[in-house]
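What the coordinates show
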Amino acid sequence: MNFELKRLDLATAAAEKCDALLVLVSGDSCAGKDALSVLVDQALKAGDLETKPGKLLQVYRAPGLACTRAVLLGAGDGSAKQVRQAVAAGVAAIKSSSVKRLAICFADAPTDDGVRAALLAVTEASYVYTTTKSKPEGRTLNRVVVGVANVAARKPQFERAVAAVKGIEYAKEWANRPANYATPTLLATAAKALAKYPRVDCSVLGPKEVAKLKMGSFMAVAQGSDEPLRFIVLRYHGAAKAQAPTVLVGKGITFDSGGISLKPGADMDEMKFDMSGAASVLGVFRALAELQPAINVVGLIPACENLPNGRAVKPSDVVTSMSGQTIEILNTDAEGRLVLCDALSYAERFKPRAVIDIATLTGACMIALGGVRSGMFSTSEELATALLAAGDCALDPCWRLPLDEEYAEGIKTNFADVANVGARAGGAITAAKFLQRFATKYDWAHLDIAGTAWKSGPAKGATGRPVGLLLDYLLAQTPSK
């Protein structure tokens, strides 16, 4: 999809040739004398248009307007959240039409976040997955014009929004693919494709290299599958080598059957989404490649399948992690933490300023927070505060959960240094406490995206979260010029 930022007010938007024009209205009147301003004002005064987000009025081939159809949208107070809600409603209203060129105009001056929210809402509402369809009916929309009064002032946020869109859609693409189209090897291929962009490089380690690193915990999960594991290392070099990188670690379980602790059959198809953490890392790197910020970032993806063949790890098995700590595996369906812990140990070699792992880790987090906020844990107040702020700004919110030491009592065992699961109560927290043991040498945060990475039901599909959150966090770390 092509995006354009253009100087448009209501008067000039009336002459904009497009298949559909979305007009966001926040005020209760419109003073202009041009055709579009008059239309908006009359609709408001007649009560046919309300400014409550989601309310809309469609007009077809209105006199004085060059667009085929105009959709007047209530945008509430003009905040990013309400703009997103309004634009989503507008795109839904025209989705059945063959709209190829769309223009968006604000009746009142938008905020920077409002411009970004509008662009993200358009792409989210119009996204169509096509990769494995024999006769794909893809997205017809191919050009979006965003109209603002001051192009120069809005350009930085516009470019940031375009980059976020590309990153989110890259993450969606790989998370939505079925497991046979997104094996660890294919996931590594997707990462290598990102190395074609400036300042990005990629290396991929196979079973022999991982064995040399003594990643016994990661290897234990992978041994139940015929698909070979891959350990993916992405690097974005935007600053001097001396600048410590931020490391992103994405859980890359490309299919999770639960292993010997087999999951129920119902909804097991959704376990293709268990590599959504890995997909988000790929998405962030796609966005960084677009923006080229002056920071250093490392992406680590331990990728494998969790399946129950004759070689699969068994409950009660004890494995030795890269850190040297031994782990009793009480439940093979708690495999995400087993692959992440070795990646967290590997992250030490980069002497990072911070490490953030992203994982569809626990159903307990989904029970606690639903699909609205991702769970966030951190050993650093500064890092936690920055992530919370980034999530709010990106409309990709998270919520901080505790790491009290008392929770670690639940993963003690008589047979190893630590067990991979505790009791059911507080399951998201005991999982985070497990990971914390392997992240003691740097500032660390853990994002549990089990409830936010994908949607079920008729709207089943990946959300691309938390690419927006992570991108905003990283860009906030860019040194001021």
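All values derive from a computational prediction rather than experimental measurement.

Some points on the overall build of the protein
- Within the protein one finds 14 helices and 20 strands.
- Relative to a compact globule of 481 residues, whose C-alpha radius of gyration would be 23 Å, the protein shows 24 Å and is just as compact.
- With respect to the principal axes defined by its C-alpha atoms, the protein has extents near 80 × 50 × 40 Å.
- Relative to its full complement of 481 residues, the protein shows a buried share of 57%.
- When contacts within the protein are restricted to residue pairs at least 6 apart in sequence, those whose partners lie at least 24 apart make up 77%.
- Total accessible area on the protein stands at roughly 19600 Å², and carbon and sulfur atoms take up 51% of it.
- In the protein, 55 positive and 48 negative side-chain charges are present, and the distance between their average locations comes to 6 Å.

Here we look at the packing of aromatic side chains
- Applying the stated criterion across every chain yields a total of five aromatic pairs.
- Consider the rings of phenylalanine 231 and tyrosine 346, whose centres lie 4.9 Å apart with planes at 70°: the pair is edge-to-face. Pair noted here: phenylalanine 231 is in strand β8 (residues 230-237) and tyrosine 346 is in helix α10 (residues 336-346), with a separation of 115 residues, a long-range link.
- On the basis of relative accessible area, phenylalanine 231 is assigned to the buried category, the value being 0%.
- Using a relative accessible area of 8% as the deciding quantity, one classes tyrosine 346 as buried.

Notes on the layout of surface pockets
- As a volume, the largest pocket reaches approximately 1000 Å³.
- Forming the walls of the largest pocket are 36 residues, and the residues nearest its centre are Lys263, Asp333, Thr362, Gly363 and Ala364.
- Elements with a minimum of two residues in the lining of the largest pocket: α10, α11 (363-369) and α13 (427-436).
- The element contributing the most residues to the lining of the largest pocket is α11, with four residues.
- Among the residues forming the lining of the largest pocket, the class breakdown is 15 nonpolar, 11 polar and 10 charged.
- Each pocket or cavity is described by its volume, and for the second largest pocket that value is around 730 Å³.

Things to note about the sheet that holds strand β17 (residues 418-419)
- The mixed open sheet is built from three strands, whose spatial order is β12-β13-β17. The two strands at the open ends of the sheet, each matched to only one other strand, are β12 (318-320) and β17.

A closer look at helix α9 (residues 276-291)
- The end-to-end C-alpha distance of α9 is 22 Å, a good match for the 22 Å that 16 residues give at a rise of 1.5 Å each.
- The element α9 is largely enclosed, with a buried count of 14 among its 16 residues.
- Note on α9: the residue one or two positions beyond its end, glutamine 292, has a positive phi of about 55°.

A closer look at the environment of lysine 95
- Within the secondary structure, lysine 95 sits in the loop between α3 (80-94) and β5 (101-106).
- Ignoring any residue separated from it by four or fewer positions in sequence, one finds lysine 95 in contact with Ala125, Ser126 and Tyr127.
- A polar contact is formed between the side chain of lysine 95 and the backbone oxygen of alanine 125, at a distance of 2.8 Å.

Quick notes on the packing of helix α5 (residues 151-176) against helix α14 (residues 467-476)
- It is at 9 Å that the axes of α5 and α14 come closest, and there the two elements cross at 135°. Classed by the angle they form, the pair α5 and α14 counts as oblique. Note on packing geometry: the crossing formed by α5 with α14 is right-handed. In this structure, α5 contributes Arg160, Ala164, Gly167, Ile168 and Ala171 to the contact, and α14 contributes Val467, Leu471, Asp472 and Leu475.
- Looking at side-chain class alone, the contact of α5 with α14 contains six nonpolar, one polar and two charged residues.

Comments concerning the pairing of strand β10 (residues 252-256)
- By the criterion of burial, β10 is predominantly enclosed, with five of the five residues buried.
- The pairing of β10 with strand β11 (residues 296-306) spans four bridges and is classified as parallel. By the bridge assignment for β11, phenylalanine 255 is matched with glutamate 305.

The rules behind the values
- Residues take numbers from 1 onward in each chain, read along the sequence in its written order.
- Given that this is a predicted model, residues contribute local features only at a pLDDT of at least 70 and side-chain atom pairs are listed and counted only at 80 or more, while totals for whole chains, interfaces and linings are drawn from all residues.
- Only hydrogens and water are removed before side-chain values are computed, so all heavy atoms of the structure are retained for them.
- In this description a helix means any DSSP run of H or I spanning at least four residues, a strand means any run of E spanning at least two, and both kinds are numbered starting from the N terminus.
- Atoms considered for the radius of gyration are the C-alpha atoms alone. The globule rule reads 2.2 Å times the number of residues to the power 0.38.
- Burial classes follow relative accessibility: with a 1.4 Å probe on protein chains only, a residue under 20% of its type's maximum area counts as buried, one over 50% as exposed, and anything between as partly exposed.
- We call two residues in contact when some of their heavy atoms are within 4.5 Å.
- Residue burial considers only the protein chains on display, and all accessible areas are found by Shrake-Rupley using a 1.4 Å probe.
- Charge convention: Lys and Arg are scored as positive, Asp and Glu as negative, and His as well as the terminal groups of each chain are ignored.
- For charged residues, the charge sits on one atom: NZ in Lys, CZ in Arg, CG in Asp, CD in Glu.
- Here is the rule: rings of Phe, Tyr and Trp (six-membered ring for Trp) pair when centre to centre is within 6.5 Å. Planes less than 30 degrees apart are stacked, more than 60 are edge-to-face, and the remainder are tilted.
- Using protein atoms alone on a 1 Å grid, points that fit a 1.4 Å probe yet trap it form a cavity, whereas open point sets bounded by protein on both sides within 12 Å along at least five of seven lines form a pocket; residues with an atom within 4 Å of a point count as lining.
- Grid points are joined across faces, edges and corners, and a volume is the space filled by probe spheres set on the points.
- Just so you know the grouping, Ala, Val, Leu, Ile, Met, Phe, Trp, Tyr, Cys and Pro go in nonpolar, Asp, Glu, Lys and Arg go in charged, and all remaining residues, Gly too, go in polar.
- For two strands to be treated as a pair, DSSP must find no fewer than two bridges joining them.
- For a helix, the expected span equals 1.5 Å multiplied by the residue count minus one.
- Distance and chemistry together define a polar contact, namely a pair of N or O atoms within 3.5 Å, with one atom able to donate a hydrogen and the other to accept it when in protein, and with adjacent residues in sequence counting only for side-chain atoms on both sides.
- Axis lines are fitted through C-alpha atoms, for helices just across the contact stretch, and the angle between N-to-C directions can take any value from 0 to 180 degrees.
- Reported orientations rely on four angle classes, namely roughly parallel under 35 degrees, roughly antiparallel over 145, roughly perpendicular from 65 to 115, and oblique for the rest.
- Each helix crossing is assigned a hand: it is left-handed if the near helix lies turned anticlockwise from the far helix by less than a right angle, otherwise right-handed if that turn is clockwise.

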